[in-house]
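What the coordinates show
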Amino acid sequence: MNYRDWRYAGVTLMVVAGLLLAMGSTAAQGQGGEWEWQNPLPTGSRLYGVWGSSGSDVFAVGQYGTILHYDGAAWSEMISGTTRWLYGVWGSSGSDVFAVGWYQGILHYDGTAWSEMHSGPGVDFYAVWGSSGSDVYAVGDAGIILHYDGAAWSEMSSGTTSDLFAVWGSSGSDVYAVGDGGALLHCDGAGWSAMDSG
């Protein structure tokens, strides 16, 4: 074998060893010729967002479209219908829940099933919040802010190109968004303006 072959064999051996070590920590197990996740249950995906309407109605979202639900006794995995990473989740009730993530992905749960509401190329959403089910904000890359009025999503001018990572408000006319470089924005219900973050 020449040097290139030895180097390739060495890299392959390191990758296989790494996979074996990782499998020891994730405990995937073959059964009936197929692999299934064993530990931790119900998933090993990284989770990024959590919201609940009560202690027995909690939603968590994360990698690969993972959505988990807690009923007060146990967590179970829900069918999201997407493989997009999901970063944020918020709802006005347990039957009116929004999740946001990659590629302008916005999902909605109506108490029965999740469905895609919005998607597009280019930017990711990181957070979602609303004062009601007909007054919802989603924020993300390059200062994008979308608003949902109960019927459709529309883009609002944020006045910034900074990535926005969180949004919260005390009411529909008192909403805040924060992001890169100390970006701090306020919405009075009509439009967004920059605030001095000190």
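Presented here is a report on the structure given in the accompanying data block. (Residues numbered from 1 in each chain as written. Predicted model: local features only at pLDDT ≥ 70, side-chain atom pairs only at ≥ 80, totals over all residues. Heavy atoms only, no water.)

Our next topic: the overall build of the chain. If you tally the helices and strands in the chain, you get 1 helix and 18 strands. Counting all 198 residues of the chain, 39% fall into the buried class. Intrachain contacts of the chain at a sequence separation of at least 6 include 29% that bridge at least 24 residues. For the chain, the exposed area adds up to about 10,700 Å²; of that, 55% sits on carbon and sulfur atoms. (Helix = DSSP H or I, 4+ residues; strand = E, 2+ residues; numbered from the N terminus. Buried < 20%, exposed > 50% of the residue type's maximum accessible area, 1.4 Å probe, protein only. Contact = heavy atoms within 4.5 Å. Areas by Shrake-Rupley, 256 points an atom, 1.4 Å probe, with all protein chains shown as cover.)

Glancing now at the sheet that holds strand β8 (residues 96-101). The sheet built from 4 strands is open, its strands ordered β7-β8-β9-β10 with antiparallel pairing. The open sheet has two free edges, formed respectively by β7 (86-93) and β10 (114-118), since each of these has just one partner strand. With direction set aside, neighbouring strand axes in the sheet form an average angle of 25 degrees. Examined bridge by bridge, strand β9 (residues 105-109) and β10 share 4 bridges and lie antiparallel to one another. In the sheet register, His-108 faces β10, and the bridge partner there is Ser-115. (Pairing = 2+ DSSP bridges. Axes fitted to C-alpha atoms, helices over the stretch in contact; angles between N-to-C directions.)

Turning next to the environment of Ala-74. Relative to the elements of secondary structure, Ala-74 occurs in the loop between β5 (67-70) and β6 (75-78). C-alpha of Ala-74 to C-alpha of Ser-56: the two residues are 18 residues apart in sequence and 9.2 Å apart in space.

The strand order β3-β4-β5-β6 describes an open sheet built from 4 strands, whose pairing is antiparallel. Among the strands making up the open sheet, the edge pair consists of β3 (47-54) and β6. Across this sheet, the average inter-strand angle for adjacent strands is 25 degrees, counted without regard to direction. As defined by bridge partners, strand β4 (residues 57-62) adjoins β5 across 4 bridges and the pair is classed as antiparallel. If you follow Val-61 over to β5, its bridge partner there is Ile-67.

This brings us to the environment of Tyr-176. Along the chain, Tyr-176 falls in strand β16 (residues 174-179). Expressed as a C-alpha distance, the spacing of Tyr-176 and Trp-129, which sit 47 residues apart in the sequence, is 10.0 Å. Setting aside anything within four residues of it in sequence, one finds Tyr-176 in contact with Ala-166, Val-167, Trp-168, Leu-185, His-186, Trp-192 and Met-195. A distance of 3.1 Å separates the side chain of Tyr-176 from the side chain of Asp-174, its partner in a polar contact. (Polar contact = N/O pair within 3.5 Å; in protein donor to acceptor, adjacent residues only side chain to side chain.)

Where the residue is not glycine, phi is negative for most of them; where a peptide bond is considered, it is trans in most cases. With a phi close to 55 degrees, Tyr-64 is a non-glycine residue in the positive phi region. Examined against the element boundaries, Tyr-64 turns out to sit in the loop between β4 and β5. Residue classification places Tyr-64 among the exposed residues on the basis of a relative accessible area of 51%. A positive phi angle, close to 55 degrees, is found at Gln-104, a residue other than glycine.

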